[in-house]
Amino acid sequence: MTINTHTYQVRLRGRLDERWAEWFVGFTLAGDADGTTVLTGPVADQAALHGLLRRLGALGATLISVNELHSEPQGEESP
Amino acid sequence: MVTPILATKLFAPSPRAQAIARPHLVDALDAGIRGGRRLSLVSAPAGFGKSTLLSAWVAALRARSGVRAAWLSLDEGDNDPARFLAYLSAALRSADPAIGVHAHAGQPSLEAGLALLINEVAHSGQEIVLVLDDFQVIEDAAILDALGFLLERLPASLHIAIASRSDPLLPVARLRARGELTELRADGLRFTPAEAAEFLNTAMGLTLSHEDVAALETRTEGWIAGLQLAALSMRDRADASAFIAGFAGSNRFVIDYLIEEVLERAPEETRDFLRDTAILERLSGPLCDAVTGGTGGGATLAALERANLFVVPLDEAREWYRYHHLFADVLRSRLLGHGAERAAVLHARASAWFEHHDALEEAVRYALAAGDLTRAARLIEASIPGVRKSRQDATLLRWLSMLPAETMARRPVLLVFSAWSALVAGDIAAVEPRLEAAERLVAPGAPAHESEPGAELDTLPITIALYRAAVALAAGDVPGVTRHASRALRLAGPDEHLGRGAAAGLLGLGLWAGGDLEGGLGAFADAGHSLRLAGNLTDALSTTMVCADMLVPLGRLGEARRAYESALGEARARLGGGPPTADLHGGFAEVLIELGDLAAAEEQLSAAEALGAGAFSAEHHYRWFVSKALLRRAQGQPEAALALLEEAERSYRRGFFAEARPIGAMKARIRIEQGRLPEARAWLDAQGLTPLDELGYLREYSHLTLARLLLAQGDAAADPLLWRLHDAALAGGRLGVVAEIRQLQRQPVAPAGEQGPRLSERELQVLTLLASELSGPEIARALFVSVNTLRTHTRHIFEKLAVGTRQAAVRRARERGLL
């Protein structure tokens, strides 16, 4: 068994500065042309995801969307 | 000792000079209170003026109507039920000094404490608004459950107001549906254009055009913290309109843009001060100096407050402050930009400062944040006596879980404490290895260990022996309990009352479980004496229940009655009806039922009920249902009794007490009396009980239940079993049990129901005495009942035997073989 880390993307209204990457350890921040910011990074489990959302809430951020990024399936399914 | 209370957490922030009046919101809250709603919920993200609104509201209430406010600012550490309760009591006490006096004195459970608090609030009659600020930090399920319970039972004089950044996990939807909730959310809290204009131009002293105000209002969406930051950025700026145009045209995160602006305009030393002190949950001048290594921290804080730079005073004297949460997060993120090493140094300095100021809990928190586990381990060890006395188990368990095993390996005191935490968590297997490791470290000739000298270390061998006795008790190893508890007693000095009391109590529990009730009584008398000397009256009086449970089988009912009367008198006078008063009422009722005084038993149960369902200790909660069931049974209501016993099964907790009278056996007895023999049989079979079993005290009650079943079935196996039980009980001096057996032996072995209604045990006792020369009052005295109660019994006997006189009753009874 390996620990299943999921990758999540969180989109916020407004452009968040690069230096916040230190605050959201392991996440990359990217500003979008439409004035939103996308945080992309690993989330260990649901508790970690809720923790991340709470940290964003504490900053007064307006959440637009939360998505899990699906990785490509590894290898073939056995019949 | 109780939980140390930081007064800063109970301080309702005084309304800011720059705050603007928001009458429509205050009116909404007022209307809620007038309409008798239970809860006001102010739920919005940071920076929407939640605390400001509530503090303005309660200040107005206080000035206008004599309603008092109890304010509690919560933090993450309050997820410990004991600590939460201590703070809740302290907050309510700040509104009325008569409240919370008993409630925080070492409550066994949060619900019990809350129930007591509710009673005190109801009795005080003082109208109180309880404000729970920053409620979003509360995640502990036990606390949330208990608060849900509280919300359902609020006295009319108490209103709760909650400020939270996220909707609390409380039954809010139910309150909303019932119209018992006043709710203010972000949309209602944001500044309207008119409020924005008043705030910027009047409170903040700017002179902005209508268009500029509208642009700011749109860009910040009425977010108050954003408008406040914008105002700060524009102070002393010649061209406010240009700033607003730049801000409005940027799509940067509002707070990033604005805080950057504010910080850029602050002097460099202020910026450094803010960045370095951002790690602190609360700030004072001396603490800031210790952390920054600078001087003049107090003056800096005062200047920040004057400049309105997001510091919030936490007391009237302006000694303690905190940063506005939003601001603190931004500052901390900037600190992280300077590298984790810098943050660790600052945390370590904060930890040292708190240690030197005897705030061990905060010292531990910052040591853990600094990643200095050795330091944290030492501080946790030092805090053990205080935290244990205040019963903040959850806090200690959380700390212990953050320490790796190797940090504890050289610290015997911490090892023993982690053994205790395993015991509490029910992880019995983990206890002994830790005790052994600790024992090796303190053995003579062992290499030096790292625990600090002191009382905890000196008494460690006693503590180890006590925990071993507790493990043995949990495992049902009676000789083991006796061995370890005796060792603890031998090791404890004459003045170590708490240790002696615990050892004697464990010894008593072991003797009890082994069937030596006389020995158990003696041990519990010692335990009660030591606990009194240790100043722990609650636990000393709690020994009454255990003693009575042993006195009843011994047949010493009068003694049990006097013990309860005296303990109740003391509990009422000296503990104000606090724990263990409810437990005592419940236990006393059982003795009164044994004595046949059902009216007095009913009174005791009502007295217990009046103290509230939560007033029972966790261990005795189920006993209340048992007592009530026994009463209903004695009153001839078997179905009600069975339902109550099922309730008792649901709230039963094994605890450390001997399981001398299983609930299942009580149910089986009632079913036998009802003639529902297969159901009774099913339980006895499931326990694997047979008439040929080896006998032991812990199964005596169950075996007697089996004998009753056999009698009802007309099974001849009843007779030898009863004789064996009789001899065992007699050998153990259990004369109460002997009397019960003799009663059963007098019953004819015949299926129930053949000879008309069955007489109860009590009625058979009365009948025996009716056949004597004794007068009515003499019989009543012999049975410890009132003459009235005796009359009731006599009437029932006459009815069941279909006779009208004493002589006729005795004659009929002889005919039926009842005498």
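Please read these numbers as outputs of a predicted model, since none were measured by experiment.

Caption draft 1: Looking closely at the overall build of chain A. The secondary structure content of chain A amounts to one helix and four strands. N-terminal to C-terminal, the α/β element order of chain A is β-β-β-α-β. Here chain A holds 79 residues, and the buried ones make up 30% of them. Just so you have it, chain A exposes about 5100 Å², and 52% of that area is on carbon and sulfur atoms.

Caption draft 2: Summary view of the pairing of strand S3 (residues 128-133) of chain B. All names here are of chain B. Burial runs high along S3: six of the six residues are buried. Alternating positions in S3 separate into two faces, Ile128, Leu130 and Leu132 on one and Val129, Val131 and Asp133 on the other, with burial throughout. By the bridge criterion, six bridges tie strand S2 (residues 68-73) to S3 in an arrangement that is parallel. Residue pairing in the sheet places Ala70 in a bridge with Leu130 of S3. Relative to strand S4 (residues 158-164), S3 runs parallel, the two sharing five bridges. What sits directly across from Leu130, in S4, is Ile160. For the crossover from S3 across helix H5 (residues 141-152) to S4, the handedness is right-handed.

Caption draft 3: Structural detail: the sheet that holds strand S4 (residues 63-69) of chain A. Residues and elements named next belong to chain A. One open sheet holds the four strands; their spatial order is S2-S3-S1-S4, and the pairing between them is antiparallel. Looking along the sheet, the strands with just one partner apiece sit at the ends: strand S2 (28-31) and S4. Averaged over all neighbouring strand pairs, the angle between strand axes comes to 20°, with direction disregarded. With six bridges connecting them, strand S1 (residues 6-13) and S4 associate as antiparallel partners. Its bridge partner being in S4, Arg11 is matched across the sheet by Ser65. The strands that helix H1 (residues 46-58) touches are S1, strand S3 (36-43) and S4; relative to S1, the one it contacts most, it runs at about 15°.

Caption draft 4: Quick look at the pattern of salt bridges. Residue and element names in this part refer to chain B. For the structure on display, the rule yields 53 salt bridges over all chains. Between Glu305 and Arg318 there is a salt bridge, with the nearest N and O atoms lying 3.0 Å from each other. Of the two residues, Glu305 sits in helix H15 (residues 297-306) while Arg318 sits in the loop between strand S6 (311-313) and strand S7 (321-323), which places them 13 residues apart along the sequence. A relative accessible area of 35% means that Arg318 is categorised as partly exposed. Linking Arg623 and Asp549 is a salt bridge whose minimum nitrogen-to-oxygen distance equals 2.8 Å. On the criterion of sequence distance, the pair formed by Arg623 in helix H33 (residues 621-634) and Asp549 in helix H29 (residues 537-554) is long-range, its members being 74 residues apart. Overall, Arg623 belongs to the buried group, its relative accessible area being 9%.

Caption draft 5: Here's a closer look at the domain arrangement of chain B. All names here are of chain B. Each domain of chain B was delimited in the assignment, giving domain 1 (7-189), domain 2 (193-265), domain 3 (550-654), domain 4 (661-754) and domain 5 (755-819). Across the boundary between the two partners, domain 3 contributes 19 residues, which contact 18 residues of domain 4. Between domain 3 and domain 4, the buried area comes to about 1400 Å², and carbon and sulfur atoms account for 61% of it. Looking at the side of domain 3 facing domain 4, the largest losses of area belong to Pro553, Arg633 and Leu642, adding up to 39% of the total buried there. In this structure, the connection of domain 3 to domain 4 is made through five salt bridges. Arg661 is the salt-bridge partner of Glu590, the closest N and O atoms lying 2.9 Å from each other. Linking domain 3 to domain 4 there are eight residue pairs in polar contact (both at pLDDT 80 or more).

Caption draft 6: The arrangement of the nonpolar core in detail. One finds Phe24 of chain A together with Tyr323 of chain B to be the most contacted residues of the largest nonpolar core, which totals 210 residues. When residues of this core are assigned to their parent elements, the largest contribution, eleven residues, is made by helix H25 (residues 460-474) of chain B. If we skip the residues at most four places from it in the chain, Phe24 of chain A touches Leu16, Leu39, Leu52, Arg55, Leu56 and Leu59 of chain A. In terms of nonpolar packing, the next biggest core, distinct from the first, is built from 40 residues, Leu92, Leu130, Leu150 and Leu175 of chain B among them.

Caption draft 7: Highlighting the side chain of Glu763 of chain B. All names here are of chain B. Counting through the fold element by element, Glu763 comes out in helix H40 (residues 761-770). Assessed through its relative accessible area of 5%, Glu763 is described here as buried. Only 2.8 Å separates the side chain of Glu763 from the side chain of Lys800, close enough to count as a polar contact. If sequence neighbours within four positions are ignored, Glu763 has contacts with His793, His796, Ile797 and Lys800.

Caption draft 8: How the structure looks around the interface of chain A and chain B. Contacts between the two partners involve 17 residues from chain A, matched on the other side by 20 residues from chain B. Note on chain A versus chain B: buried area summed over both sides is about 1700 Å², and carbon and sulfur give 52% of it. Joining chain A to chain B, the criterion identifies two salt bridges. Across the chain A-chain B interface, the total number found is one residue pair in polar contact (both at pLDDT 80 or more). Sort the elements by how many residues they give to the side of chain A that touches chain B and H1 of chain A lands first, with three residues. Broken down by class, the residue content of the side of chain A that touches chain B amounts to seven nonpolar, four polar and six charged.

Caption draft 9: Looking closely at the side chain of His159 of chain B. Residues and elements named next belong to chain B. Structurally, the position occupied by His159 is in strand S4. For His159, a relative accessible area of 4% puts it in the buried group. Within polar-contact distance, the side chain of His159 engages the side chain of Ser40 at 2.7 Å. When near neighbours in sequence (up to four residues on either side) are disregarded, His159 contacts Ile33, Arg37, Arg38, Leu39, Ser40, Trp57, Ile128, Val129 and Leu130.

Caption draft 10: Quick look at the environment of Val129 of chain B. Residues and elements named next belong to chain B. Looking at where Val129 falls in the secondary structure, it is placed in strand S3. Classification of Val129 as buried rests on a relative accessible area of 1%. As a C-alpha pair, Val129 and Pro461 span 332 residues in sequence and 49 Å in three-dimensional space.

Caption draft 11: Molecular detail of helix H38 (residues 718-731) of chain B. Residues and elements named next belong to chain B. Taking 1.5 Å as the rise per residue, H38 with 14 residues should run 20 Å; its terminal C-alpha atoms sit 20 Å apart, in good agreement. When we look at burial in H38, the residues that qualify are Ala718, Leu721, Leu722, Leu725, His726 and Ala729. Buried residues of H38, viewed axially, fall in a sector of 140°; they line one side. The secondary structure elements touched by the buried residues of H38 are helix H37 (700-713) and helix H39 (735-746). Gly733 sits one or two residues past H38 and shows a positive phi near 75°.

Caption draft 12: Broad picture of the sheet that holds S4 of chain B. All names here are of chain B. Ordered in space as S2-S3-S4-S1-S5, the five strands form an open sheet in which the pairing is parallel. Lying at the two open borders of the sheet, with one neighbouring strand each, are S2 and strand S5 (181-185). Between one strand and the next, the sheet's axes are offset by a mean angle of 15°, whatever the strand orientation.

Caption draft 13: Highlighting the packing of aromatic side chains. Residues and elements named next belong to chain B. On inspection of all chains with the given rule, the structure shows eleven aromatic pairs over all chains. Residues Trp320 and Trp353 carry aromatic rings whose centres are separated by 6.1 Å and whose planes lie at 75° to one another, so their mutual orientation is edge-to-face. In this pair, Trp320 sits in the loop between S6 and S7 while Trp353 sits in helix H17 (residues 340-356), placing the two residues 33 residues apart along the sequence. Across the pair, Trp353 and Trp320 agree in class, each one buried. Aromatic side chains Tyr564 and Phe588 sit 5.6 Å apart centroid to centroid with 25° between the ring planes, which places their arrangement in the stacked category. Of the two residues, Tyr564 sits in helix H30 (residues 557-575) while Phe588 sits in helix H31 (residues 581-594), which places them 24 residues apart along the sequence. Of the two residues, Tyr564 and Phe588, both sit in the buried class. Chaining the aromatic ring pairs together yields one cluster made of Trp320, Trp353, Phe354 and Tyr366. The ring of Tyr87 has Lys9 sitting right over it, with the charged end atom 4.8 Å from the ring centre.

So, how was this worked out
- Residues numbered from 1 in each chain as written.
- Chains lettered and ligands numbered in written order.
- Predicted model: local features only at pLDDT ≥ 70, side-chain atom pairs only at ≥ 80, totals over all residues.
- Heavy atoms only, no water.
- Helix = DSSP H or I, 4+ residues; strand = E, 2+ residues; numbered from the N terminus.
- Buried < 20%, exposed > 50% of the residue type's maximum accessible area, 1.4 Å probe, protein only.
- Areas by Shrake-Rupley, 256 points an atom, 1.4 Å probe, with all protein chains shown as cover.
- Pairing = 2+ DSSP bridges.
- Right-handed = clockwise from strand over helix to strand, strands pointing away.
- Axes fitted to C-alpha atoms, helices over the stretch in contact; angles between N-to-C directions.
- Contact = heavy atoms within 4.5 Å.
- Salt bridge = Lys/Arg side-chain N within 4 Å of Asp/Glu carboxyl O.
- Domains from an automatic or database assignment.
- Buried area = accessible area lost by both parts, 1.4 Å probe.
- Polar contact = N/O pair within 3.5 Å; in protein donor to acceptor, adjacent residues only side chain to side chain.
- Core = buried A, V, L, I, M, F, W, Y, C linked by side-chain atoms within 4.5 Å.
- Nonpolar A, V, L, I, M, F, W, Y, C, P; charged D, E, K, R; others polar.
- Expected span 1.5 Å × (residues − 1).
- Arc of directions from axis to C-beta.
- Phe/Tyr/Trp six-rings, centres within 6.5 Å; stacked < 30°, edge-to-face > 60°.
- Lys NZ or Arg CZ within 6 Å of the ring centre and 35° of its normal.

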